[in-house]
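# Remarks on the overall topology
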Amino acid sequence: MGKERLKGKRVAILATDGFEESELCEPMEAIKSEGGIVDIVSIKSGDIKAWKDGNWSQTYKVNKELSEVSAQEYDGLVLPGGVINPDLLRKNSSAVSFVKDFFNSEKQKPVAAICHGPWMLAEANVMRDRSVTSYDSIKTDLLNAGAKWKDMEVVVDKGLVTSRSPDDLPVFCNKLIEEMCEGTHQY
């Protein structure tokens, strides 16, 4: 067990079928180890199927359907990657609105996105002038959304934590815990 630095904090992990398994599981375990409460939130109820090593993997139970929750209920958001997951989510207007609601004109709740997860940030139009990283194949999408893209294992910009791939998970998880401990940030 960690130091319980996140005791009482609620974090949403927004995912659907095709999420990269390690990019959901490792942040979830890191948050729980610090006493945080995690909900897997999805655009559908029941189970969602993970992607691992180029194949379908295990299923994970959805705790809350997107229609049942709002960003106001959570202290932070995690956006795992995988190619399929964010591509499906960014076509869903409720999912895009949910992500956008973690950002407002004055304060931003901590948001962590890894690999292809930042696609959701581009779709939510919250990237302008923000320093980020991602899987290199979506670099142009993020630049076109107004982001300042960097090739680093983790980039933190006022509560926004981004990383490139599962290889970066240890530092990504450490930074997302740090930002969640700090709470909202001036935008």
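Residues numbered from 1 in each chain as written. Predicted model: local features only at pLDDT ≥ 70, side-chain atom pairs only at ≥ 80, totals over all residues. Heavy atoms only, no water.

## Quick notes on the overall build of the chain
Of the regular secondary structure elements, the chain holds six helices and 14 strands. On the principal axes, the C-alpha backbone points of the chain span a range of 35 × 35 × 30 Å. Carbon and sulfur atoms provide 44% of the accessible area of the chain, an area that totals close to 8,400 Å². Within the chain, one finds 24 positive and 30 negative side-chain charges whose respective centroids are separated by 4 Å. (Helix = DSSP H or I, 4+ residues; strand = E, 2+ residues; numbered from the N terminus. Areas by Shrake-Rupley, 256 points an atom, 1.4 Å probe, with all protein chains shown as cover. Lys, Arg positive; Asp, Glu negative; His and termini not counted. Charge placed at Lys NZ, Arg CZ, Asp CG, Glu CD.)

## Details of the pairing of strand β4 (residues 47–52)
The pairing of strand β2 (residues 19–20) with β4 spans two bridges and is parallel. Among the inter-strand pairings, glutamate 20 is bridged to a residue of β4, identified as tryptophan 51. Where β4 folds back on strand β5 (residues 55–61), the antiparallel hairpin that results is connected by two residues, among which aspartate 53 adopts a positive phi of roughly 55 degrees. (Pairing = 2+ DSSP bridges.)

## Observations regarding the sheet that holds β5
Strands sit in the order β2-β4-β5 across an open sheet of three strands; the sheet is mixed. Two strands bound the open sheet, and with one partner strand each, they are β2 and β5. As judged from the five bridges shared by β4 and β5, these two strands associate in the antiparallel manner. Counterpart to isoleucine 48 in the pairing with β5 is tyrosine 60.

## As for helix α1 (residues 21–33)
Between its terminal C-alpha atoms α1 stretches 18 Å, which fits the 18 Å expected from 13 residues at 1.5 Å a residue. Listing the buried residues of α1 in full gives Glu21, Glu23, Leu24, Cys25, Pro27, Met28, Ala30 and Ile31. Positive backbone phi, at 85 degrees, marks glycine 35, one or two positions downstream of α1. (Expected span 1.5 Å × (residues − 1). Buried < 20%, exposed > 50% of the residue type's maximum accessible area, 1.4 Å probe, protein only.)

## Points about the pairing of strand β7 (residues 76–79)
The side chains of a regular strand alternate between both faces of the sheet. Here β7 shows no split at all, with Gly76 and Val78 on one side and Leu77 and Leu79 on the other all buried. Sheet analysis places strand β1 (residues 10–14) next to β7, joined by three bridges and oriented parallel. Paired with alanine 12 across the bridge in β7 is leucine 77. Alignment of β7 against strand β9 (residues 111–114), held across three bridges, turns out to be parallel. Within β9, the position partnered with valine 78 by the bridge is alanine 112.

## Describing the environment of leucine 160
The residue leucine 160 is located in strand β13 (residues 160–163) in this model. Classification of leucine 160 as buried rests on a relative accessible area of 0%. A sequence separation of 29 residues divides leucine 160 from serine 131, and the C-alpha atoms of the two residues are 8.7 Å apart. In this view, leucine 160 contacts Phe103, Gln108, Val111, Leu121, Arg130, Val132 and Val155; residues no more than four positions away in its chain are not counted. (Contact = heavy atoms within 4.5 Å.)

Keep in mind that these numbers describe shape and distance, not what the molecule does.
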